[in-house]
Amino acid sequence: MPASVVVVGSLNMDLVTRAPRLPRGGETLIGESFATVSGGKGANQAVASARLGAQVSMIGCVGEDAYAGQLRAALQAEQIDCRALSSVEGSSGVALIVVDDSGQNAIVIVAGANGLLTPDVIAGYDSVLAAADVIVCQLEIPMHTVGYVLKRGRELGKTVILNPAPASGPLPADWFSCIDYLIPNESEASALSGLPVDSLESAERAAGQLIAAGAGKVIITLGAQGSLFASGQGFEHFAAPRVKAIDTTAAGDTFVGGFAAALACGKSEADAIRFGQTAAALSVTRAGAQPSIPALSDVQAFKAS
Ligand code: ADP
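Residues numbered from 1 in each chain as written. Predicted model: local features only at pLDDT ≥ 70, side-chain atom pairs only at ≥ 80, totals over all residues. Heavy atoms only, no water.

1. Remarks on the site of the ligand
Taken together, the neighbourhood of the ligand is formed by 16 residues, with Asn 185, Thr 221, Gly 223, Gly 226 and Gly 252 sitting nearest. Here an oxygen atom of the ligand and a backbone polar atom of Gly 223 are 2.9 Å apart. Gly 252 is positioned with one of its backbone polar atoms (N or O) 2.9 Å from an oxygen atom of the ligand. About the coverage of the ligand: the protein hides 83% of its 560 Å² of free accessible area. At the level of elements, α8 (251-264) and α9 (269-284) are the ones that each hand at least two residues to the shell around the ligand. Broken down by element, the residue count for the shell around the ligand peaks at four residues, all from α9. Tallied by class, the residues present in the shell around the ligand amount to 10 nonpolar, six polar and no charged. (Near = heavy atom within 4 Å. Polar contact = N/O pair within 3.5 Å; in protein donor to acceptor, adjacent residues only side chain to side chain. Areas by Shrake-Rupley, 256 points an atom, 1.4 Å probe, with all protein chains shown as cover. Helix = DSSP H or I, 4+ residues; strand = E, 2+ residues; numbered from the N terminus. Nonpolar A, V, L, I, M, F, W, Y, C, P; charged D, E, K, R; others polar.)

Laid out in structure tokens, this is it:
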């Protein structure tokens, strides 16, 4: 049996419109194209972990609309166990995205069903959490649900990863002792610590502040600069593989999913970071979110080249 990752988080249908420019208030524009693409940070990270070698279960909620079936099918196509996906009243999570000809975008996210993922729903799937090697959570579901999952994961003795995305401020202080790996990007690290983060040095200051606040281990992802690992023992910088970036969408999700899969499969922390970075580097060489996430064989072939 491959090692098991349980992702507790969001599923969104991305409704992506291309238009010559972003519309102004009250304006109607003629768009150039439209596509529906499965997304949501939870689902993206589940897909990444599954493609990168783990047995994955996802705990989440979809609505009672046409998107629910598509969101579920996208995960099932990756052999992700969807028995812990609940159907709830109302719409599935959606992201309304307009991209203009210069690549600039405007996005409205509606939590929909993701907002109805309560601790009660999670408690109904306690056996799924109990079967995990690694539990992964993000912040696109209610905060009190995230707090419940972190605490329950700690009680069950699991390796607990929090990707604090999106972040708008500091985390509740009592979460830190329940998290093994806190993985923010630069802007999230800044929101969490209240410090600017735009360089390796400033990332060290923010990571140091998060460790002082009680975080055990922190990995701040730094885009093309790789990532900074921090623990009570100090800092280590992991440089990213050099690639030609085409589209960095889902780089962070690929890193988190790949890191979780590698840890679950028994790799050391440092090797899991390198593995996640190689997977994320490959993802930025391809367009889109879920379609850009590489398979384990792609990562192995890249390392061998
Ligand atoms: P997010 O997508 O959440 O903003 P980052 O931009 O920090 O996260 O990217 C996450 C990881 O993806 C980085 O730590 C790095 O390993 C990899 N990555 C991102 N951009 C590049 C790039 N241009 N070249 C190589 N690796 C990249």
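Anyway, onward from the coordinates.
2. Considering the nonpolar core
Across soluble globular proteins, nonpolar side chains show a tendency to be buried alongside one another. Counting residues in each nonpolar core, the largest one holds 47 residues, and the members touching the most others are Val 5, Leu 75, Ile 161 and Phe 259. Elements represented by at least two residues in this core include exactly β1 (4-8), β2 (12-18), α1 (41-51), β4 (55-62), α2 (66-76), β8 (134-137), α8 and α9. Top contributing element to this core by residue count: α8, with eight residues. Not counting residues within four places of it along the chain, the set of residues in contact with Ile 161 comprises Val 134, Ile 135, Val 136, Cys 137, Tyr 181, Ile 183, Val 256, Phe 259, Ala 260 and Leu 263. By size, the runner-up hydrophobic cluster in this structure holds 43 residues, among which are Leu 129, Trp 175, Ile 179 and Val 197. (Core = buried A, V, L, I, M, F, W, Y, C linked by side-chain atoms within 4.5 Å. Buried < 20%, exposed > 50% of the residue type's maximum accessible area, 1.4 Å probe, protein only. Contact = heavy atoms within 4.5 Å.)

3. A word on the pairing of strand β11 (residues 217-221)
When you tally the buried positions in β11, you get four out of five residues, the bulk of the element. Of the strand pairs in this sheet, strand β10 (residues 181-182) and β11 are connected by two bridges, and their pairing is parallel. Bridging across to β11, Tyr 181 finds its partner in Lys 217. The pairing of β11 with strand β12 (residues 227-231) spans four bridges and is classified as antiparallel. Paired with Val 218 across the two strands is Ala 230, which belongs to β12. In this structure, the hairpin formed by β11 and β12 is closed by a connection of five residues, where Gly 223 is found at a positive phi of approximately 60°. (Pairing = 2+ DSSP bridges.)

4. Some remarks on the sheet that holds β4
Pairing within the open sheet is mixed, and its nine strands lie in the order β5-β4-β1-β8-β9-β10-β11-β12-β13. The sheet is open, and its two edges are formed by β5 (85-87) and β13 (234-238), each paired on a single side.

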